[in-house]
Every structure is written in structure tokens, then in C-alpha cells.
Amino acid sequence: MEKAAISSSNLDAFIEFLYEGLDGYVYVAGKDRSIENHFEQVFFQYPEQKDLISQAIQTISDKADVYIAPAIFSKPDAGKENFKATNVVWTEFDGNAPTWEDNSPSLIIQSSDQTKQHVYWKLNEPITSVVDLELINKNITYSMGADKGGW
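What counts, and at which threshold
- Residues numbered from 1 in each chain as written.
- Predicted model: local features only at pLDDT ≥ 70, side-chain atom pairs only at ≥ 80, totals over all residues.
- Heavy atoms only, no water.
- Phe/Tyr/Trp six-rings, centres within 6.5 Å; stacked < 30°, edge-to-face > 60°.
- Helix = DSSP H or I, 4+ residues; strand = E, 2+ residues; numbered from the N terminus.
- Buried < 20%, exposed > 50% of the residue type's maximum accessible area, 1.4 Å probe, protein only.
- Lys NZ or Arg CZ within 6 Å of the ring centre and 35° of its normal.
- 1 Å grid on protein atoms, 1.4 Å probe; cavity = no way out; pocket = protein on both sides within 12 Å on 5 of 7 lines; lining within 4 Å.
- Points joined across faces, edges and corners; volume = space filled by probe spheres on them.
- Salt bridge = Lys/Arg side-chain N within 4 Å of Asp/Glu carboxyl O.

1. Some thoughts on the packing of aromatic side chains
Reasoning step 1: A complete count under the given rule lists five aromatic pairs for this structure.
Reasoning step 2: Taking 5.5 Å as the distance between ring centres and 50° as the angle between the ring planes, the aromatic pair formed by Tyr-19 and Tyr-46 counts as tilted. Taken together, the residues Tyr-19 in helix α1 (residues 8-19) and Tyr-46 in strand β2 (residues 39-46) connect sequence positions 27 residues apart.
Reasoning step 3: Owing to a relative accessible area of 0%, Tyr-19 belongs among the buried residues under this scheme.
Reasoning step 4: On the accessibility criterion, Tyr-46 (3% relative accessible area) is buried.
Reasoning step 5: An aromatic cluster is present here, built from Phe-14, Phe-17 and Tyr-120 joined pairwise through their rings.
Reasoning step 6: Just above the ring of Phe-17 sits the side chain of Lys-122; from NZ or CZ to the centre is 4.8 Å.

So this is what it looks like as C-alpha cells:
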């Protein structure tokens, strides 16, 4: 499959979708395709450095698979204890994505083929409890038969 071009406007819209109205640290990681289990991790202060996030993703994606946390953190450390808030709940499908009729997500990101998807539901208000977020994401994951490593 040919790699689709990622435009900065699409990335900017995705970043705004995830973090609009929040402030804190955004976690971006790149998993080097040539070195097994090698991740390069970067944090950006949002909203002050929001323009740098899409630039970093575009740069990292040339040599690595990119991961971005849909939550924002209170300091530049992606540990649970530093979770601050999220505007979305999510799950991912690794080969078994459903056809969407009921409970359609607000946003679907196709990660490779049509059956591999990261899906997000936009909330009316941010979640600020990591316990509540994990419970909701686990419930979505198990009820939909999604990838259990995705929350």
C-alpha cells in the first residue's frame, strides 16, 4: 500500500480536534522502523507549541511510526499520574474494524488498511479523571471487540 501524504492542515485539524480548550503537555513518540523497540519521545506544551506538533509528526513519520497520546499531561511525562485531561474517548482496531452504522465515531483514522483504525468519540466536556477514562475506554474496547492494548 502506498503511503498517503499527510498535509499540515489535516494534522493541525487533528491536533485541534484532540486538544482544543486544553492546556498541558502533548506526548508524541516515534518508533524507529530500522531499530526494534526504539522509541524517540517528545513533549510539546499546548497550546503554546501547537504549530511544532504537526511539524514534528511530519519529520518523525519519514523514518518512524508515529504515536500521539489523545490525552494531555500536567508535565512532560506520559505516566498515568501526570494525566490531566482529554476531549475524547477512543479505541483501536487491528484487523477487525466494524462497519459503522450505530455509535459512529466522531473521527476515524485509518492506520494502514481499512480494517486497521484508530477511532475517537468527541466529548461535550473533558474527562479529568484517569480512572474514569480507563473505565470508559475499556468498556468501549471490550464491547466492540477492539484491540485490548489500545486504551
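2. A word on empty space enclosed by the protein
Reasoning step 1: Throughout the structure, instances matching the rule amount to one cavity of 30 Å³ or more.
Reasoning step 2: Its volume calculated, the largest cavity comes out at about 60 Å³.
Reasoning step 3: Lining the largest cavity are Gly-30, Lys-31, Asp-32, His-38, Glu-40, Ile-60, Lys-63 and Ala-64.
Reasoning step 4: In terms of residue count, the dominant contributor to the lining of the largest cavity is strand β1 (residues 24-32) (three residues).

3. Quick look at the pattern of salt bridges
Side-chain pairing between opposite charges can occur once the charged atoms of the two side chains come close.
Reasoning step 1: Counted according to the given criterion, the structure contains six salt bridges.
Reasoning step 2: The closest approach of N and O atoms between Glu-40 and Lys-63, which form a salt bridge, is 3.7 Å. You can see Glu-40 sitting in strand β2 and its partner Lys-63 sitting in the loop between α2 (50-61) and β3 (64-68), a full 23 residues away along the chain.
Reasoning step 3: For Lys-80, the salt bridge identified is with Glu-134, shortest N-O distance 2.9 Å. Taken as a pair, Lys-80 in the loop between β4 (71-73) and β5 (83-94) and Glu-134 in helix α3 (residues 130-144) lie far apart in primary sequence, 54 residues in all.
Reasoning step 4: Here Lys-80 falls in the exposed class, since its relative accessible area comes to 52%.

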